[in-house]
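# Overview (structure and organization)
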Amino acid sequence: MHSLRVLTNPHPHPDMNKTSIILPSLFISLLIAISPVGAAIHAVENFNLDKIESSSDTDETSEEIREGFRLSKKGLHEQAFKMFTAAAKRGELNAYLAIAVMHREGRGTPKNLKLAKENFKKAADKGSRQAGEELVLLRFASPDNPKDFDDARTQLEGFARRGMAAAQLRLGLAHLSGYGYPADATKAIKYLTQAAQSSGPFQSDAAFVLGQLYRDGDPKTKVKPDMKLAESWLKKAAEAKHPGAMRALGEFYLSADPARQNFSKARDWFSRLNQLGDSYGLYYLGQIHENGWGTVKSQETALDYYRQGAKQKVPPAIYRLATFHEHGLGGLKKDKGKALALYRHGAELEHAVCMYNLSVMLDTMDEKPKHKAEVLLWLLRSAGAGLVEAEYQIGVRYQQGNGVQQDLVAAAAWFDRAARNSHAQAQLQLGGMYEKGQGVSRDLSAARRLFELSAKGGNLGGRIKYAEVLANGVGGKQDLIEAYIHAHNATQLVSRNSPAAKLAIKVRDDLYVAMSPEQLTEGKKRLAAGQKPKP
């Protein structure tokens, strides 16, 4: 596979690979009160089996209900569900509540929000106020029809006015994402701030969302990043022992931005995260020691943290441990077999780079058909998990017919997907396909735009190609001066004896001949002033 290689450090700085759950993926999970995988949301559940049990009147609770709670605590959820179902046939309130929660969470029975709503309604009809509230929350998140949604929204707004933090949090997220309302940052922040200032379990969730909102900004609602507010809200949530906020705050302090960077605080928060029982702290502590952030650089110490994290099935720790075995780091001997096994383990846990590296190793170390069949599979899964390099490499495979039947239309589609994610080489390749009409209709203006994007992304081939189209007026206006600047800057990027440098030099020298004395003087003037190509 052309240029396919194992990725060893795709995200050299942690804040470039945020692992905290981002706002869009928070939204629906928060609305229906189900904690996402990884415990990034701290206290989303407004009502669960433990709360049902603690609020039960022991004298009036049937033996089936008590046995159901005992079985659930042992992890025997299917058996517990059967006990609750038996009790529900007699119309027991707590049975309806338990069954609703289990349908909502997919615990002991397939997840079914319709059945969850039906059982919350039965409980509400028997006088449970909290079941009625849960029913409204579910109807808002998963309405049966527009009228059902409008009614739930009105009731939820009433809950929020009465100070119900769960409703305030959900309305804040709804206004932020444009769910059921026009996207409105002012209203979103108002509701989220109300929830964050509450004393209940949703305080830390709302503070966490506000921290992420101010850290990253939100173009949709025109919220600009504000690092002081981001730090303040993340700290508030982290001090409430919110795992996602503790992780995000640690990442915040690992920033390359000197105004934010504080390695001591980062290490403190990751240590607290680990002490809380969130093993992702082990991965971050390994990163700190591997890179020497605020401490003596030590691959051996990092290796120890990665081993501990791998035992706890922390995907990025497994990934780093695999790279240590593959490249013989931290005092280890190179061991491709162990690296392969670890990449496979991480891939099965949905780690995008482990999936990618597994495909690379299978592609290069073994010619067995069984392994070859896995190469594209893991590349596709890696691309599906969001790794842009995998998207590009799938395009290369279809373009070259490597391991698949050659398909230029498919190649162009995959290059387009990677190009839209700012992959400069994919932009160059797709530009070439538009220029030649391969797999797409010939479109010189589209080719020019893609070459420009590739050049601005720092790609050497993109700079050379963009210089050529500017020089020849392909797909747009001719601009010899700008072409000269691009070509000259490309010659500075690589050894003068390399093929790419020779091509860049030829393009530059051809321009030197084609340009008028005035144009050449202007081009040299801009270069002397240190001007880069136009943004």
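Residues numbered from 1 in each chain as written. Predicted model: local features only at pLDDT ≥ 70, side-chain atom pairs only at ≥ 80, totals over all residues. Heavy atoms only, no water.

Our next topic: the overall build of the protein chain. Secondary structure assignment for the protein chain yields 28 helices and 0 strands. Within the protein chain, the proportion of its 535 residues that are buried is 52%. A sequence separation of at least 24 residues applies to 51% of the contacts in the protein chain between residues at least 6 apart. (Helix = DSSP H or I, 4+ residues; strand = E, 2+ residues; numbered from the N terminus. Buried < 20%, exposed > 50% of the residue type's maximum accessible area, 1.4 Å probe, protein only. Contact = heavy atoms within 4.5 Å.)

With that settled, consider the environment of Met-83. Relative to the assigned elements, Met-83 resides in helix H4 (residues 77-88). Along the primary structure Met-83 and Glu-67 are separated by 16 residues, whereas in three dimensions their C-alpha atoms are 7.0 Å apart. Leave out the neighbours within four places in its chain, and Met-83 touches Glu-64, Glu-67, Gly-68 and Leu-71.

Below, the discussion takes up the pattern of salt bridges. Scanning the entire structure with this criterion turns up 31 salt bridges. Between Glu-105 and Arg-107 there is a salt bridge, with its nearest N and O atoms 2.8 Å apart. Residue classification places Glu-105 among the buried residues on the basis of a relative accessible area of 14%. With a relative accessible area of 29%, Arg-107 lands in the partly exposed category. If you follow the salt bridges from partner to partner, you end up with Glu-63, Arg-66, Glu-67 and Arg-70 in one network. (Salt bridge = Lys/Arg side-chain N within 4 Å of Asp/Glu carboxyl O.)

For His-242, the location among the structural elements is in the loop between helix H12 (227-239) and helix H13 (243-253). Here Asp-205 takes part through its side chain, which lies 3.1 Å from a polar atom of the side chain of His-242. Among the polar contacts made by the side chain of His-242, one reaches the main-chain amide nitrogen of Gly-244 at a distance of 3.2 Å. (Polar contact = N/O pair within 3.5 Å; in protein donor to acceptor, adjacent residues only side chain to side chain.)

Bringing the environment of Glu-522 into the picture now. Within the element layout of this structure, Glu-522 appears in helix H28 (residues 517-528). Distance in space between the C-alpha atoms of Glu-522 and Ile-481 is 7.3 Å, their sequence separation being 41 residues.

Another point: the packing of H12 against H13. Here H12 crosses H13 at 140 degrees, and the two axes come no closer than 8 Å. In the crossing of H12 with H13, the sense of the turn from one axis to the other is left-handed. Contacts between H12 and H13 involve Met-227, Ala-230, Glu-231, Leu-234, Lys-235, Ala-237 and Ala-238 on the former and, on the latter, Ala-245, Met-246, Ala-248, Leu-249, Phe-252 and Tyr-253. Partitioned by chemical class, the residues of the contact of H12 with H13 number 11 nonpolar, no polar and 2 charged. (Axes fitted to C-alpha atoms, helices over the stretch in contact; angles between N-to-C directions. Left-handed = near helix turned anticlockwise from the far one by under 90°. Nonpolar A, V, L, I, M, F, W, Y, C, P; charged D, E, K, R; others polar.)

Mapped onto the secondary structure, Asp-148 falls in helix H8 (residues 146-161). A distance of 3.0 Å separates a polar side-chain atom of Asp-148 from the backbone nitrogen of Asp-144. Excluding its chain neighbours within four sequence positions, the residues that come into contact with Asp-148 are Arg-139 and Pro-143.

This part is about the nonpolar core. Ranked by size, the top nonpolar core spans 106 residues in total, and within it Phe-140, Leu-156, Phe-270, Tyr-343, Tyr-398 and Phe-415 carry the most contacts. When residues in this core are grouped by element, the largest group, 9 residues, is from helix H19 (residues 352-365). Excluding residues within four positions of it along the chain, Phe-270 makes contact with Met-246, Arg-247, Gly-250, Glu-251, Leu-254, Gly-281, Tyr-284, Leu-285 and Ile-288. (Core = buried A, V, L, I, M, F, W, Y, C linked by side-chain atoms within 4.5 Å.)

Counting buried positions along H13 gives 11 out of 11 residues, so the element sits mostly inside the fold. Listed in full, the buried residues belonging to H13 are Pro-243, Gly-244, Ala-245, Met-246, Arg-247, Ala-248, Leu-249, Gly-250, Glu-251, Phe-252 and Tyr-253.

Okay, the packing of helix H10 (residues 185-196) against helix H11 (residues 203-216) next. At their nearest, the axes of H10 and H11 sit 7 Å apart, and the two run at 140 degrees to each other. Between H10 and H11, the crossing angle belongs to the class labelled oblique. In this structure, the crossing between H10 and H11 has a hand that is left-handed. Within the contact between the two elements, H10 uses Ile-189, Leu-192, Thr-193, Ala-195 and Ala-196 and H11 uses Gln-203, Ala-206, Ala-207, Val-209, Leu-210, Leu-213 and Tyr-214. Broken down by class, the residue content of the contact of H10 with H11 amounts to 10 nonpolar, 2 polar and no charged. (Parallel < 35°, antiparallel > 145°, perpendicular 65-115°, else oblique.)

So, on to the confidence of the model for the protein chain. Chain-level statistics for the protein chain give a pLDDT mean of 86 and a share of 87% at 70 or above. For the stretch residues 1-5, pLDDT sits under 50, and the model shows 17 contacts to residues farther than four places along the chain or on other chains. Every residue in residues 9-45 scores below 50 in pLDDT, and together they form 106 contacts with partners more than four places removed in sequence or on other chains. (pLDDT = per-residue confidence, 0-100.)

This brings us to the packing of aromatic side chains. Under the counting rule described, the total for this entry stands at 11 aromatic pairs. Plain terms: the ring middles of Phe-149 and Tyr-179 are 5.7 Å apart, the flat faces sit at 90 degrees to each other, and that makes the pair edge-to-face. Linking Phe-149 in helix H8 with Tyr-179 in the loop between helix H9 (165-177) and H10, this pair joins segments that are 30 residues apart in sequence. Put simply, the rings of Phe-270, Tyr-283, Tyr-284, Tyr-306 and Phe-324 touch in pairs and so form one group of aromatic residues. Arg-153 extends its terminal NZ or CZ atom over the ring of Tyr-181, reaching a point 5.1 Å from the ring centre. (Phe/Tyr/Trp six-rings, centres within 6.5 Å; stacked < 30°, edge-to-face > 60°. Lys NZ or Arg CZ within 6 Å of the ring centre and 35° of its normal.)

Moving on to H9. Each full turn of the α-helix corresponds to 3.6 residues, which orients residues three or four apart in the same direction. Taking 1.5 Å as the rise per residue, H9 with 13 residues should run 18 Å; its terminal C-alpha atoms sit 18 Å apart, in good agreement. The buried count for H9 comes to 12 of 13 residues, which makes it a mostly enclosed element. Once H9 finishes, Gly-178 follows within two positions and takes phi at roughly 80 degrees, a positive value. (Expected span 1.5 Å × (residues − 1).)

Residue placement: Ala-447 occurs in helix H24 (residues 444-456). On a C-alpha basis, the gap between Ala-447 and Met-433 in space is 7.7 Å, while along the polypeptide they are 14 residues apart. In this view, Ala-447 contacts Gly-431, Tyr-434 and Glu-435; residues no more than four positions away in its chain are not counted.

Turning our eyes to something else, we now look at unusual backbone geometry. The residue Lys-241 is not glycine, and still its phi comes out positive at about 65 degrees. When you line up the elements, Lys-241 lands in the loop between H12 and H13. Within the chain, Glu-350 stands out as a residue other than glycine whose phi angle is a positive 70 degrees. Tracing the backbone through its elements, the reader meets Glu-350 in the loop between helix H18 (336-348) and H19. Residue Glu-350 is classed as partly exposed on the basis of its relative accessible area of 48%.

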